Amino acid sequence: YTLSENDMRFASPNGFSNAEQFTTYLKDSLDYLVEEGRRGSPKMMTVGLHCRLVGRPGRAKGLEEFLDYAKSLESDVWICRRDQIASHWYQHHYPDDLKSSL
């Protein structure tokens, strides 16, 4: 969780003043991380959202545009929930010798 890719920047000074800024920032961040992944160092990007902020119509439009963009990257991006991240990590990265203790 970060305040960088987060809709709280709509509520902070020097933050986002419109949905286009939010969308552009998220797309630029995702593009950079996708490129790092293509070079062999994949990353995870989380976007902090709050219904009272991004839930406003003019801001929701920016989120919708970002999600459409992220989905267009197809196999380079996995859009998932927290439980899916935890399950993936457990299946692929959790030490085998510790799995039996759970």
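Residues numbered from 1 in each chain as written. Predicted model: local features only at pLDDT ≥ 70, side-chain atom pairs only at ≥ 80, totals over all residues. Heavy atoms only, no water.

### Some remarks on the confidence of the model for the protein
Working step 1: Averaged over the protein, the pLDDT score is 90; the fraction of residues at 70 or greater is 97%.
Working step 2: Predicted confidence in the protein is weakest over helix H4 (residues 96-99), with a mean pLDDT of 78, and strongest over helix H2 (residues 57-72), with 95. (pLDDT = per-residue confidence, 0-100. Helix = DSSP H or I, 4+ residues; strand = E, 2+ residues; numbered from the N terminus.)

### A closer look at the layout of surface pockets
To find leftover empty space, a probe the size of one water molecule is rolled over the atoms.
Working step 1: One number sums up the size of the largest pocket: a volume of about 1,100 Å³.
Working step 2: Lining the largest pocket are 30 residues, with Met44, Met45, Trp78, Cys80 and Ile85 positioned closest to its centre.
Working step 3: Those elements giving two or more residues to the lining of the largest pocket turn out to be helix H1 (19-38), H2 and helix H3 (82-93). (1 Å grid on protein atoms, 1.4 Å probe; cavity = no way out; pocket = protein on both sides within 12 Å on 5 of 7 lines; lining within 4 Å. Points joined across faces, edges and corners; volume = space filled by probe spheres on them.)

### Describing the packing of H1 against H2
Working step 1: Between H1 and H2, the least distance of the axes is 8 Å, while the angle of their chain directions is 25°. It follows from the interaxial angle that H1 and H2 lie roughly parallel. For the element pair H1 and H2, the recorded crossing hand is right-handed. Every residue of H2 that contacts H1 at Ala19, Phe22, Thr23, Leu26, Lys27, Leu30 and Asp31 is listed here: Gly58, Arg59, Gly62, Leu63, Glu65, Phe66, Tyr69 and Ala70.
Working step 2: In terms of residue class, the contact of H1 with H2 is made up of eight nonpolar, three polar and four charged. (Axes fitted to C-alpha atoms, helices over the stretch in contact; angles between N-to-C directions. Parallel < 35°, antiparallel > 145°, perpendicular 65-115°, else oblique. Left-handed = near helix turned anticlockwise from the far one by under 90°. Contact = heavy atoms within 4.5 Å. Nonpolar A, V, L, I, M, F, W, Y, C, P; charged D, E, K, R; others polar.)

### Regarding the pattern of salt bridges
Working step 1: On inspection of all chains with the given rule, the structure shows seven salt bridges.
Working step 2: When the shortest N-O distance is used, the salt bridge between glutamate 35 and arginine 39 registers 3.8 Å.
Working step 3: Taking relative accessible area as the criterion, glutamate 35 reaches 34% and is therefore assigned partly exposed.
Working step 4: The residue arginine 81 makes a salt bridge to aspartate 83 at a minimum N-O spacing of 2.9 Å.
Working step 5: A network of salt bridges, in which partner residues are shared, links Glu35, Arg38, Arg39 and Asp76. (Salt bridge = Lys/Arg side-chain N within 4 Å of Asp/Glu carboxyl O. Buried < 20%, exposed > 50% of the residue type's maximum accessible area, 1.4 Å probe, protein only.)

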